[in-house]
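Structural overview for review
The residues making up each chain are set out below.
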Amino acid sequence: MIGAIVEAIRLAVTRIPDDVVSALKKAYEREENGVARFNLENILRAIEIGKAEAIPVCQDTGTLTFFVKAGLDSPFLGEIERAIVEATRLATKEIPLRPNAVDVLTGKNSGDNTGRGVPVIHWELTEGDEIEIAVLPKGGGSENCSALAMLTPGEGWEGVKRFVVERVKACGGRPCPPVVLGIGVGGGADYSLLLAKKALLRRVGERNPDERIAEIEGELLEEINALGIGPMGMGGRTTALDVKIEVAHRHPASFPVGLIVQCWANRRAFLRIKPDGRVDIWQ
Ligand code: SF4
């Protein structure tokens, strides 16, 4: 199982999913600004090299975040956490990954991407005997632009749009655009951010099944691209490839909005562990 998790991590950091590549290609085709075209060309070239040579597409291989859907009848339930931590250590050495886990008091790097609370593992218990794991390597530059707003209910969805657009504008080229925005609305402060990060697992171009939310996703995408920040912040038509919104019910007095900013290196991979030990890995 450890080997399979290492392979999923390798896939995630060396290959950008097809939906993201095709969105980047479309952005290149519709771009008229020469610098923006040059930046997109370089991004697409880095993706090609990563794929051809099986090396990470960006030097920042991020903080590894795992979303585990754990079937209560899986015979591997008790082993998963240890396997994820061990796979993270091995992947750091073998792929290799940049060691990105630093002690908050001493500043000392653990050297293997593990430490207190990392890799980050989010658990969801489900019925059944399979375990599905999503791997999301999250770059630091884009994570630094993530934010939380505790709006008043009166500010509502107009407030959500204002907060997101202002935040993207203030960050400019820092998150390595074109970005994908994960937005969580509702729940509490913590849950809105978790929803926002989880939203990044959805394919680029896939809208929320709720038409009302889907419409807001589209409107926000348009507003953000009208900012003209462009690829790598040097101007152009595409600042964001997509906007993903997930929602939960909220407290009557609160309107929490979690925003997670993802860079062009919008990496992800999935694996499913069957009860007989067979594994599927995909993007
Ligand atoms: S923000 Fe993304 S693209 Fe930029 S350096 Fe970090 S991981 Fe790489």
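Each residue is numbered by its place in its chain's sequence as written, counting from 1. Totals for whole chains, interfaces and linings use all residues, but because this is a predicted model, local features are given only for residues with pLDDT of at least 70 and pairs of side-chain atoms are given and counted only at 80 or more. Excluded from the side-chain calculations are hydrogens and water; all other atoms, namely the structure's heavy atoms, are used.

The protein chain carries the name Fumarate hydratase in an unreviewed UniProt entry, which gives Thermococcus nautili as its organism. Database annotation for the protein chain, UniProt heading Sequence similarities (unreviewed entry): "Belongs to the class-I fumarase family." UniProt positions are given in the numbering used here, feature names are shortened, and annotations may be inferred rather than shown by experiment.

1. Side note on the sheet that holds strand β4 (residues 147–151)
When DSSP locates at least two bridges between a pair of strands, those strands are taken to pair. Numbering of helices and strands starts at the N terminus; helices are DSSP runs of H or I of at least 4 residues and strands are runs of E of at least 2. Here four strands make up an open sheet; going across it, the order is β4-β7-β5-β6 and the pairing mixed. Strands at the two margins of the open sheet, each flanked by one partner only, are β4 and β6 (240–250). Within this sheet the neighbouring strands show an average axis-to-axis angle of 15°, counted without direction. Note that strand β5 (residues 179–187) and strand β7 (residues 255–262) share six bridges and pair antiparallel. Within β7, the residue paired with G182 across the bridge is I260. Any two residues whose heavy atoms approach within 4.5 Å at even a single point are treated as in contact. Axis lines are fitted to C-alpha atoms, over the contacting stretch for helices. Their N-to-C directions set the angle, which ranges from 0 to 180 degrees. Across the sheet, helix α7 (residues 189–199) touches β4, β5, β6 and β7, and the angle it forms with β7 is around 35°.

2. Points about the site of the ligand
Taken together, C58, Q59, D60, G139, G141, S142, C176, C263, W264 and R267 make up the full set of residues near the ligand. Under the scheme applied here, ten amino acids are nonpolar (Ala, Val, Leu, Ile, Met, Phe, Trp, Tyr, Cys and Pro), four are charged (Asp, Glu, Lys and Arg), and all others, including Gly, are polar. Residue composition of the shell around the ligand, grouped by class: four nonpolar, four polar and two charged. Either an automatic procedure or a domain database provided the assignment from which the domain bounds are taken. Residues from two domains meet in the shell around the ligand; each of domain 1 (2–11 + 57–139 + 267–282) and domain 2 (141–262) gives at least three. Here a residue counts as near a molecule or strand whenever at least one of its heavy atoms sits within 4 Å of it.

3. What to know about a nonpolar patch on the surface
Like-charged residues are merged into a patch within 9 Å and nonpolar side chains (Val, Leu, Ile, Met, Phe, Trp, Tyr) within 5 Å, provided each residue has over 30% relative accessible area and no salt bridge. With residues, only the protein chains shown are counted as cover, and all accessible areas are computed by Shrake-Rupley using a 1.4 Å probe. Between Lys or Arg on one side and Asp or Glu on the other, a salt bridge is scored when a side-chain nitrogen of the former is within 4 Å of a carboxyl oxygen of the latter. A surface patch of nonpolar side chains, about 260 Å² in accessible area, is lined by V35, M232 and M234. Considering the arrangement of structural elements, one finds M234 in the loop between α8 (211–225) and β6.

4. Observations regarding the packing of helix α2 (residues 18–30) against helix α3 (residues 34–53)
Where α2 contacts α3, the two axes come as close as 9 Å, and the packing angle between them is 155°. Here α2 lies roughly antiparallel to α3, going by the angle between them. Regarding α2 and α3, the two cross each other, and that crossing is left-handed. In this structure, α2 uses V21, L24, K25, A27, Y28 and E29 to contact α3, whose residues at the interface are R37, L40, E41, I43, L44 and I47. Reported orientations rely on four angle classes, namely roughly parallel under 35 degrees, roughly antiparallel over 145, roughly perpendicular from 65 to 115, and oblique for the rest. What makes a crossing left-handed is the near helix being turned counterclockwise from the far one by less than a right angle; a clockwise turn instead makes it right-handed.

5. Structural notes on the pairing of β5
Counting buried positions along β5 yields eight of nine residues, so the element is predominantly enclosed. Relative to β6, β5 runs parallel, the two sharing eight bridges. Bridge pairing in β6 places V180 opposite D242. Note on exposure labels: buried denotes an accessible area under 20% of the residue type's maximum, exposed denotes more than 50%, and partly exposed covers the range between, all computed with a 1.4 Å probe on protein chains only.

6. Re the environment of P56
With respect to the helices, strands and loops of the structure, P56 is situated in the loop between α3 and β1 (63–71). Remark: the alpha-carbon pair of P56 and T14, spanning 42 residues in sequence, is separated by 4.3 Å.

7. A few points about the pattern of salt bridges
Applying the stated criterion across every chain, the model contains 26 salt bridges. Across the salt bridge formed by D280 and K274, the nearest N and O atoms sit 3.0 Å from each other. Overlapping salt bridges, with partners in common, bring together R202, E206, R207, E217, D242, K244 and E246 in one network.

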